[in-house]
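This is what each chain is made of:
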Amino acid sequence: MPMPLAEINKGLDKLNLVKGGIGRGTNGNAIVVEGITKNFRIPKEKKLTVFEHLAGLVGRGTSSYDEFMALQDVSFAVKHGETFGVIGPNGCGKSTLLKVLAGVLYPDSGRVEINGKIAPFLELGVGFQPELSARDNIYLYGAIMGLTHKEVDQRYDEIMEFSELQRFENMKLRNFSSGMYVRLAFATAIQTNPDVMLVDEVLSVGDESFQKKCSDKIDEIRKAGKTILLVSHSLATVRSLCSRCMLMNRGQVVALGETEGVLAEYERMRGAGT
């Protein structure tokens with residue numbers, strides 16, 4: 001399960017990322033990534049006891065793990081106020097990259113710099129408690145996302161109005177549908193007013209009308225000059241929101257540049273079955 005914002009902030013500190021102070025980035029960049037590499041070890045067989053783990057370390061003399069390179073020497077930069085897209089097939093490293101930027105995962109090598117207050121929209125609703133009411137969860141989730149109780153007080157009516165859940169504010173979350181759940185989470189999360197947003201498929205939440213509402217809100221935030229890094233499988237969304245994007249495959253950057261050119265390269269890659 002992804003970490004709450006307090007743990008993410010600890011991760012950012014450990015990565016020595018710059019938080020706050022717009023304009024301090026190199027050449028006006030909000031995000032700078034240089035040579036990021038992330039490797040995972042995948043067990044070859046299931047081990048249930050301590051003895052089995054020890055036996056795997058000694059005796060056969062061979063590794064009991066496979067190596068999976070999720071990110072390989074990834075480098076790019078995103079300017080302040082830019083909406084930047086990241087696309088690619090499943091398993092290409094998009095979500096791993098976002099988790100590294102958010103401080104949830106640490107890279108094995110490379111450097112990450114983020115200039116400004118960051119809000120990672122990696123999984124909506126992390127920290128919600130099903131036995132609490134919608135109202136109580138707004139305050140809880142707001143705290144996880146870095147808002148004070150007073151700030152939530154000031155924005156509560158706007159959160160409820162955006163989520164369209166005023167009738168259900170005193171209902172326990174365990175009685176919510178999945179659509180109601182993500183409505184409440186998104187409506188609360190967008191109140192954090194970040195400088196840099198990391199967005200992982202958040203525009204696919206809820207029903208069609210709410211997706212349109214989310215898309216319009218993201219567009220409003222974009223036009224306000226905020227920096228957005230958007231991971232999406234929707235090429236239409238990337239085309240409409242992003243002036244530049246990056247194509248990844250097998251943990252590597254395949255193409256980086258103007259959106260139309262990168263999308264054309266992705267279509268060629270899919271057509272070739274690579």
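Residues numbered from 1 in each chain as written. Predicted model: local features only at pLDDT ≥ 70, side-chain atom pairs only at ≥ 80, totals over all residues. Heavy atoms only, no water.

In this section: unusual backbone geometry. For Asn193, which is not a glycine, the phi torsion comes out positive at approximately 50°. With respect to the helices and strands, the residue Asn193 is situated in the loop between helix 6 (178-189) and strand 6 (196-200). Judged by relative accessible area, Asn193 falls into the partly exposed class, the value being 48%. Even without glycine at this site, Arg250 takes up a positive phi of about 55°. (Helix = DSSP H or I, 4+ residues; strand = E, 2+ residues; numbered from the N terminus. Buried < 20%, exposed > 50% of the residue type's maximum accessible area, 1.4 Å probe, protein only.)

Because each turn of an α-helix spans 3.6 residues, side chains separated by three or four positions in sequence point in the same direction. Listing the buried residues of helix 4 (residues 134-144) in full gives Ala134, Asn137, Ile138, Tyr139, Tyr141, Gly142 and Ile144. Just downstream of helix 4 lies Gly146, where phi reads positive at about 100°.

Another point: the pattern of salt bridges. A side chain with one charge can pair with a side chain of the opposite charge if their charged atoms come near. Following the criterion strictly, the structure yields 16 salt bridges and no others. One salt bridge connects Lys223 with Asp219, and the closest N-O pair in it is separated by 3.3 Å. With a gap of four residues between them, Lys223 and Asp219 both fall in helix 7 (residues 208-223), about one helical turn apart. Here Asp219 falls in the buried class, since its relative accessible area comes to 18%. Where Glu267 meets Arg270, a salt bridge forms, and the shortest distance between an N and an O atom there is 3.1 Å. Residue Glu267 and its partner Arg270 are located together in helix 9 (residues 259-272), separated by three residues, close to a single helical turn. Overall, Arg270 belongs to the partly exposed group, its relative accessible area being 43%. In the salt-bridge network here, residues are joined through shared partners; they are Glu34, Arg111 and Glu113. (Salt bridge = Lys/Arg side-chain N within 4 Å of Asp/Glu carboxyl O.)

This paragraph deals with the sheet that holds strand 2 (residues 65-79). Strands sit in the order 2-1-4 across an open sheet of three strands; the sheet is antiparallel. What marks the edges here is a single partner per strand, and that holds for strand 2 and strand 4 (109-114). Taken over all neighbouring pairs, the strand axes of this sheet differ in orientation by 25° on average, direction set aside. Summarising the sheet, strand 1 (residues 29-43) and strand 2 pair through eleven bridges and their orientation is antiparallel. Considered in strand 2, the bridge of Asn39 is made with Met69. Seen against the sheet, helix 3 (residues 94-102) touches strand 1, strand 2 and strand 4 and runs at an angle of roughly 65° to strand 2. (Pairing = 2+ DSSP bridges. Axes fitted to C-alpha atoms, helices over the stretch in contact; angles between N-to-C directions. Contact = heavy atoms within 4.5 Å.)

Moving on to helix 7. Between its terminal C-alpha atoms helix 7 stretches 23 Å, which fits the 22 Å expected from 16 residues at 1.5 Å a residue. Within the span of helix 7, buried status applies to Phe210, Cys214, Lys217, Ile218, Asp219 and Ile221. In this structure, the buried side of helix 7 is in contact with helix 5 (149-163), helix 6, strand 6, strand 7 (227-231) and helix 8 (235-241). Directly beyond the C-terminal end of helix 7, a positive phi value near 90° is found at Gly225. (Expected span 1.5 Å × (residues − 1).)

With that settled, the discussion passes to the sheet that holds strand 5 (residues 118-121). Strand order in the open sheet made by the six strands is 5-6-7-3-8-9, with mixed pairing throughout. Taken across any chain shown, the strands that pair with only one partner, and hence form the sheet edges, are strand 5 and strand 9 (252-258). Taking each pair of neighbouring strands and ignoring which way they run, the sheet shows an average axis angle of 15°. With five bridges joining them, strand 6 and strand 7 adopt parallel strand pairing. Bridge pairing in strand 7 links Val196 to Thr227. Each of strand 3 (83-87), strand 8 (244-249) and strand 9 is contacted by helix 9, which is oriented at about 140° to strand 9, the strand it contacts most.

For strand 8, the buried fraction is high: five of the six residues fall into the buried class. One ladder, built from six bridges, connects strand 8 with strand 9; its direction is antiparallel. Looking at strand 9, one finds that Arg244 is bridged to Glu258. Where strand 8 hands over to strand 9, the hairpin turn is made up of two residues, of which Arg250 adopts a positive phi near 55°.

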